[in-house]
Amino acid sequence: MPPARPHVAVVGGSLGGLITALQLRDVGCDVQVFERSPVPLEGRGAGIVLHPVTTRYFEDHGLLDLGRVSSSARTLRYLTREGDVLLEEPIVYRFTSYATLYAALVDSFEADRYHLRKDLVALDDAGDRVVARFADGVTESFDMVVGADGIRSTVRGLLFSDLRPAYAGYVGWRGTLPVAELPGRANEQLRDVLTYHVGERTHVLSYEIPATEGQGRSMNWVWYRNVPDGPPLEALLTDRSGTRHNLSLPAGAVGDEHLADLRAAAGDLPSAFTDLTRATPEPFVQVIVDLEVPAMVRGRVCLVGDAAFALRPHIAAGTAKAAADARALARAIEEAAGDVPAALAAWEPSQMVLGRATTARTREVGERAQVTGTFHPGDPEVAFGLFRPKDGNFPTGV
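Here is a short report on the structure shown in this document.

Definitions and cut-offs
- Residues numbered from 1 in each chain as written.
- Predicted model: local features only at pLDDT ≥ 70, side-chain atom pairs only at ≥ 80, totals over all residues.
- Heavy atoms only, no water.
- Buried < 20%, exposed > 50% of the residue type's maximum accessible area, 1.4 Å probe, protein only.
- Helix = DSSP H or I, 4+ residues; strand = E, 2+ residues; numbered from the N terminus.
- Axes fitted to C-alpha atoms, helices over the stretch in contact; angles between N-to-C directions.
- Parallel < 35°, antiparallel > 145°, perpendicular 65-115°, else oblique.
- Left-handed = near helix turned anticlockwise from the far one by under 90°.
- Contact = heavy atoms within 4.5 Å.
- Nonpolar A, V, L, I, M, F, W, Y, C, P; charged D, E, K, R; others polar.
- Phe/Tyr/Trp six-rings, centres within 6.5 Å; stacked < 30°, edge-to-face > 60°.
- Lys NZ or Arg CZ within 6 Å of the ring centre and 35° of its normal.
- Salt bridge = Lys/Arg side-chain N within 4 Å of Asp/Glu carboxyl O.

Concerning helix α4 (residues 98-107)
Owing to its 3.6 residues per turn, the α-helix aligns residues three or four sequence positions apart on the same side.
Argument step 1. Counting buried residues along α4, 7 of its 10 residues qualify, which places the element largely inside the surrounding structure.
Argument step 2. Of the residues making up α4, those classed as buried are Y98, A99, T100, L101, Y102, A104 and L105.

Written out as C-alpha cells, the structure reads:
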C-alpha cells in the first residue's frame, strides 16, 4: 500500500508554524496553515539567536544564505559595572531578526495554503478525523491538527482549559538601534560581540542583528528587570491609551513614566549599556513566564514549540525547540507511512523529555540571575543551547 497523505492543519502562522508546515509538506502531508492575525507578521519581535537546528532546513534545501540574513559574534564578553572587561571567551553564535527569518519561511511556503484572519474557536474529535471550527463560520476536518500558535495558544486552551502561563517575577525590556546611530561608548564596546553585564538580580545583553529592512545592522538589547506581580506589573502593562496587556507591550505603547524610570535606572549599568538604552527611542516589554503542558498529544491533536513549553529566553532555545519538534514530527509521520496515531505515539515521549529539560534549564538560569544572585559569568551551564549548553555554537567557518 502506498503511504497515506495526511490532511493537516497547522494552527499558527508564525515561525514555529511555518517551520512545522514546511517539514510536514516535505514528507508528503497536505498542509494548510491558519493564522489568526489579519495581516502578515513581519513587524513582530526583534532579535533571534539562531541555532543549527533552526537553520538546518534552509541549508538542506539551499534556501538560506546565512552570511546575508544573519550576523555573527565570535566573542562573548562580560562587562563590569565600571565598563571593564571581566571575562571573554570564544563563541560562534549567529543572530537574525524575526522579520528576516519570517520572510524566508513564508516565501518558502505556498501562498494559497497560508490563511490569514482564521481564528480557531473549537476542535471536535470525530475519531478518525478532527473537525476544526473557525470564527468566520467555516468548518473543516483534518487527519491531524498541530497547535503551533505560541504562548497564547488557542489549541492548548482547548485541550487544557485550566492551564495558564505563570509569571516568573520579571520582564525583559527589549529594543533595537541602528548601528550607525550607536552612541560613542556603545559603538566602542558593543560592536561585533555578544556582550553581557550581570548586576544585582538583573542582567542585560546585546548583539547585532540584520536591520528590519534587510540592509545594514541594528544593535539588539534585552534588559531583565524584576517587577512585582499585582499593581506594579499591571501599571507597566497598561499602554498609553489605558488598555491593559497581558504578556507583552509593543514598541510605542509603553507609558512615558515607565520609559523615564527605565532610562534613569540605566545609570546603574556599564556606560555602553546606559548609552544604548537611553538612545533607543521605543523599547518594548516582554513578560517572562513559565508554562509546560502535561502532554503534547490528545487524540489527533498535538502541540509544538511555545504552545507546549514556553521557555524563558535565557538559553536562546525557543525557536530551536519549535524546529526540533517539527523535524521530529515530520520524521515520525514519514516512518509511520502517514499513520497519524502511530506517528504521534512515537513522537511525543522524546519531545516531552526535551521540553521538560529545556524548561528546567532556562528556569534555573533565570532564577540564578534575577532571584538568588548566583549567576556566574562564564559558567557553562548558562550558555546558549537546546539539547545541552553551548550547542548553539555553529561549526567554525559557518
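Don't stop here, the text continues.
Observations concerning the packing of helix α1 (residues 15-26) against α4
Argument step 1. One can describe the packing of α1 onto α4 by two numbers: an axis separation of 10 Å at closest approach and a directional angle of 25 degrees. By the angle class used here, α1 and α4 are roughly parallel. Regarding α1 and α4, the two cross each other, and that crossing is left-handed. Within the contact between the two elements, α1 uses L15, L18, I19 and L22 and α4 uses Y98, L101, Y102, L105 and V106.
Argument step 2. Class assignment for the residues of the contact of α1 with α4 results in 9 nonpolar, no polar and no charged.

Here's the deal with the environment of W221
Argument step 1. Take W221: it is sitting in strand β14 (residues 217-226).
Argument step 2. C-alpha separation for the pair W221 and V10, spaced 211 residues apart in sequence, amounts to 32 Å.
Argument step 3. Beyond its immediate chain neighbours, meaning those up to four positions away, W221 contacts W173, R174, G175, T176, L205, S206, L262, L276, T277, T280 and P283.

Notes on the side chain of T96
Argument step 1. In this structure, T96 sits in strand β5 (residues 85-97).
Argument step 2. With near-sequence residues (within four places) excluded, T96 lies in contact with A46, G47, I48, L50, V69, S70, L101, I209 and P210.

Let's talk about the packing of aromatic side chains
Argument step 1. Counted according to the given criterion, the structure contains 9 aromatic pairs.
Argument step 2. Aromatic pair Y57 and F58: ring centres 6.1 Å apart, planes at 85 degrees, arrangement edge-to-face. Neither residue differs from the other here; Y57 and F58 are each classed as buried.
Argument step 3. Summarising the aromatic geometry, the rings of Y196 and F375 are spaced 6.5 Å apart at their centres and angled 35 degrees between planes, so their arrangement reads as tilted. Taken as a pair, Y196 in strand β12 (residues 194-199) and F375 in the segment after α11 (340-372) lie far apart in primary sequence, 179 residues in all. An identical accessibility class is assigned to Y196 and F375; each is buried.
Argument step 4. Aromatic ring contacts, followed pair by pair, group F34, F134 and F142 into a single cluster.
Argument step 5. Over the ring of F134 we find K118, and its NZ or CZ is 4.7 Å from the ring centre.
Argument step 6. Its guanidinium or amino end placed over the ring of W223, R225 lies 4.9 Å from that ring's centre, counting from NZ or CZ.

Focus: the pattern of salt bridges
Argument step 1. For the structure on display, the rule yields 23 salt bridges.
Argument step 2. When the shortest N-O distance is used, the salt bridge between R129 and D143 registers 2.6 Å. Here D143 lies in the loop between β9 (139-142) and β10 (144-147) and R129 lies in the loop between β7 (120-125) and β8 (130-134), a separation of 14 residues in the sequence.
Argument step 3. Exposure remark for D143: the relative accessible area of 17% places this residue in the buried category.
Argument step 4. Put simply, R191 and E208 hold a salt bridge, and the shortest N to O gap is 2.8 Å. Taken as a pair, R191 in the loop between α6 (184-190) and β12 and E208 in strand β13 (residues 202-210) lie far apart in primary sequence, 17 residues in all.
Argument step 5. Judged by its relative accessible area of 29%, R191 is partly exposed.
Argument step 6. Under the relative-accessibility criterion, E208 is labelled buried at 7%.
Argument step 7. Linked by salt bridges that have partners in common, D290, E292, R312, R363 and E367 make up one network.

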